[in-house]
Amino acid sequence: TLLFATQTGISICAMLSVKNAHRPNALAFISIAGHLLGDVPLPIILGLIKDHLAPGCKVGEDGSFSKPEECASQGKGVRATLAIAYVWVLWALVFFELARRLSRIEIGKRRRDEINSLLLEEEDSNGATANGEKNNSSFRYYHSKFQPTPQQSGRSLA
């Protein structure tokens, strides 16, 4: 269940990465890519690896091993196959962490840019910016109009 907990974050990142009109397509792409790169090939690949590393551990139609004596002696191959499966999951965690770090850097850059634009952008009494565009954001309007009083800045009027 821990791996499924990441799905919400992945969906939110996908939706915030594209324009509103493209959000359904982004979610569809994430879903298809996840299946094509994850759940579909992994059982096949792990089965081929297990068949190569532990050929005596094939399960027959009745659910029992076809060669139980050989399978008992090939425990090392079965453990190696399980190790490969765990490495596959760890590989995904490495990419999750890389994406997290890169997104935090990008978020920090965008916040700094937004703060700089709020400090540099001035509006006239009608709410228009210096280049003539109308600013509809109440957040920007409030902060661009805010000026500290002399008492707040530590200076006296006299």
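Because the structure is predicted, anything quoted here is derived from the model rather than measured.

1. Quick word on helix α2 (residues 23–39)
Compared with the 24 Å implied by 1.5 Å per residue over 17 residues, the 23 Å span of α2 between its first and last C-alpha is a close match. Of the residues making up α2, those classed as buried are Ala26, Ala33 and Gly38. An end-on view of α2 places all buried positions within 95° of arc, on one side of the element. Counted as exposed and oriented over 90 degrees from the buried face of α2: Pro24, Asn25, Ile32 and Leu36. On its buried face, α2 sits against α1 (6–16) and α3 (41–53).

2. Quick look at the packing of aromatic side chains
The final tally for this structure, using the stated rule, is 1 aromatic pair. Arranged with centres 5.0 Å apart and planes meeting at 85°, the rings of tryptophan 91 and phenylalanine 95 form a pair that is edge-to-face. Of this pair, tryptophan 91 and phenylalanine 95 both sit in helix α5 (residues 75–120), 4 residues apart, which is roughly one turn of that helix. Under the relative-accessibility criterion, phenylalanine 95 is labelled partly exposed at 42%.

So, how was this worked out
- Residues numbered from 1 in each chain as written.
- Predicted model: local features only at pLDDT ≥ 70, side-chain atom pairs only at ≥ 80, totals over all residues.
- Heavy atoms only, no water.
- Helix = DSSP H or I, 4+ residues; strand = E, 2+ residues; numbered from the N terminus.
- Expected span 1.5 Å × (residues − 1).
- Buried < 20%, exposed > 50% of the residue type's maximum accessible area, 1.4 Å probe, protein only.
- Arc of directions from axis to C-beta.
- Contact = heavy atoms within 4.5 Å.
- Phe/Tyr/Trp six-rings, centres within 6.5 Å; stacked < 30°, edge-to-face > 60°.

As far as function goes, none of this settles anything; it's purely spatial.
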